[in-house]
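# Fold and geometry: a report
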Amino acid sequence: MSPETERADTVPPIIEVRGLRKWYPVRSGFFASLVGAGEAKHVKAVDGVDFTIRPGEVLGLAGESGCGKSTTGMTVAKLHEPSGGSIIFDGEDLASITGRQRLKRFRRGAQIVFQNPYESLNPRFNVYQSVLEPIAIHMPAEQSSHEAMVHRALERAGLLPVKNFVSRYPHELSGGQLQRVAIARAIAVEPRFLVADEPVSMLDVSVRAGILNLLRKFATELDMGILYISHDLSTMRHICTRIAIMYLGRIVEIGPTAQILDDPQHPYAQALIAAAPVMRRGARKRIHLEGAVPNPIDLPLGCRFNPRCSRAVALCRTQEPLLEPIGGRRQAACHLVNQS
Ligand SMILES: Nc1ncnc2c1ncn2[C@@H]1O[C@H](COP(=O)(O)OP(=O)(O)OP(=O)(O)O)[C@@H](O)[C@H]1O
Ligand SMILES: [Mg+2]
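Structural notes, computed from the coordinates. (Residues numbered from 1 in each chain as written. Chains lettered and ligands numbered in written order. Predicted model: local features only at pLDDT ≥ 70, side-chain atom pairs only at ≥ 80, totals over all residues.)

## Some remarks on the site of ligand 1
Close to ligand 1 lie 13 residues, the nearest being Tyr24, Ala45, Ser65, Ser70 and Thr71. Those elements that provide at least two residues to the shell around ligand 1 are strand E2 (42-53) and helix H2 (69-76). For the shell around ligand 1, the per-class residue count stands at 5 nonpolar, 7 polar and 1 charged. (Near = placed C-beta within 6 Å. Helix = DSSP H or I, 4+ residues; strand = E, 2+ residues; numbered from the N terminus. Nonpolar A, V, L, I, M, F, W, Y, C, P; charged D, E, K, R; others polar.)

## Side note on the nonpolar core
A general trend in soluble globular proteins is that nonpolar side chains are found buried together. Residues Ala184, Leu215, Ile226, Tyr228, Ile245 and Val252 are the most contacted members of the largest nonpolar core, which totals 86 residues. Among the elements that take part in this core, helix H7 (residues 175-187) stands out by supplying 7 residues, more than any other. Those residues in contact with Ile245 that lie beyond four places of it in its chain are Ala62, Gly63, Ile251, Val252, Glu253, Ile260, His266, Tyr268, Ala269 and Leu272. (Core = buried A, V, L, I, M, F, W, Y, C linked by C-beta atoms within 7 Å. Buried ≥ 20, exposed ≤ 12 C-beta atoms within 10 Å, placed from the backbone. Contact = placed C-beta atoms within 7 Å.)

## Quick notes on the packing of helix H5 (residues 127-138) against helix H6 (residues 146-156)
A pair of packed helices is characterised by two quantities: the angle between their axes and the separation of those axes. Put simply, H5 and H6 touch, their axes get as near as 9 Å, and they point 115° apart. As for the relative orientation of H5 and H6, their crossing is right-handed in sense. Only His146, Met149, Val150, Ala153 and Leu154 of H6 make contact with H5, whose side of the interface consists of Tyr128, Val131, Leu132, Ile135 and Ala136. (Axes fitted to C-alpha atoms, helices over the stretch in contact; angles between N-to-C directions. Left-handed = near helix turned anticlockwise from the far one by under 90°.)

## Let's talk about unusual backbone geometry
The residue after Leu160, namely Pro161, is reached through a cis peptide bond having omega -10°. Within the secondary structure, Pro161 is located in the loop between H6 and H7. Here the phi dihedral of Leu248 falls at roughly 45°; this positive angle occurs in a residue that is not glycine. By secondary structure assignment, the location of Leu248 is in the loop between strand E9 (242-247) and strand E10 (250-256). Classification of Leu248 as buried rests on a count of 24 C-beta atoms within 10 Å.

As far as function goes, none of this settles anything; it's purely spatial.
Listed below in structure tokens is the structure:
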């Protein structure tokens, strides 16, 4: 399957996110707490996010720093409790998952790879022990196959020949090799859904393509659904089936990779893509982003992008646009785009 090809709609999604919210309470000052001033404030890091990912798809999540990408990834992987909305994993609403055994089953099915492999591995564990740990936790009954599972995960992560790596410790590996161990740990329990949060941004440019190819292979060959979080739109063209552009806790445009990167419709998506150096193909005009990103505590009224949008009209300052179909399997949240 090429990255441009979307998975047929008949395949049920592995993950379905509806109206997802993650708000963090803001600690008020000492004086305010004494007088009980004002209502409690929140950082609205994720504030109504919708998307689905089918097996075999890589959904890219892009946007400026602080727009809520990592919070979305961690909430979907249930490392954070959502403040609202629903997450449906393999047809089952996670809100209804209460028992330890069912939560454990979800944890096995949904794994996460972080940006910094130096922090995600225990320095006292060798490669074998690191990869064995999640297998021992999630599949204790299959002890006789544990060694084979560790080897298969290391092989899939491209650490070859495996025997050269099993007894090495993190300090004896390069950054790229460490990230491959972190990936082997994540896929060792054969998850169906993987969140990869900036998995190559700390790595040398020379090893990035190898890691990205690996993720793409997991989607196409192992039928995994992947949420790939990155600032780097050029890597997204290479591995993503679809792309979602996020701004201040919401998705503003989502659709097939080529449509989003070559012909974005939302003014923010246009500005973000035009600003990425390798994205500026042909005669695309560079669009200037006005002002700074507002903080996610006091969000602007109406469209949250309106204070920075050069095309904003009166409606944009009063009414928040919803994510709506705009043709071509695409959705955008913009009054101007939706009306056209
Ligand atoms: N634990 C927390 N408590 C309070 N606010 C938080 C917390 N974690 C994140 N935030 C805030 O939520 C918003 C979104 O943060 P997040 O880390 O999800 O952004 P991001 O898009 O991943 O950014 P980057 O591209 O820099 O990694 C930011 O304003 C951040 O300061
Ligand atoms: Mg982040």
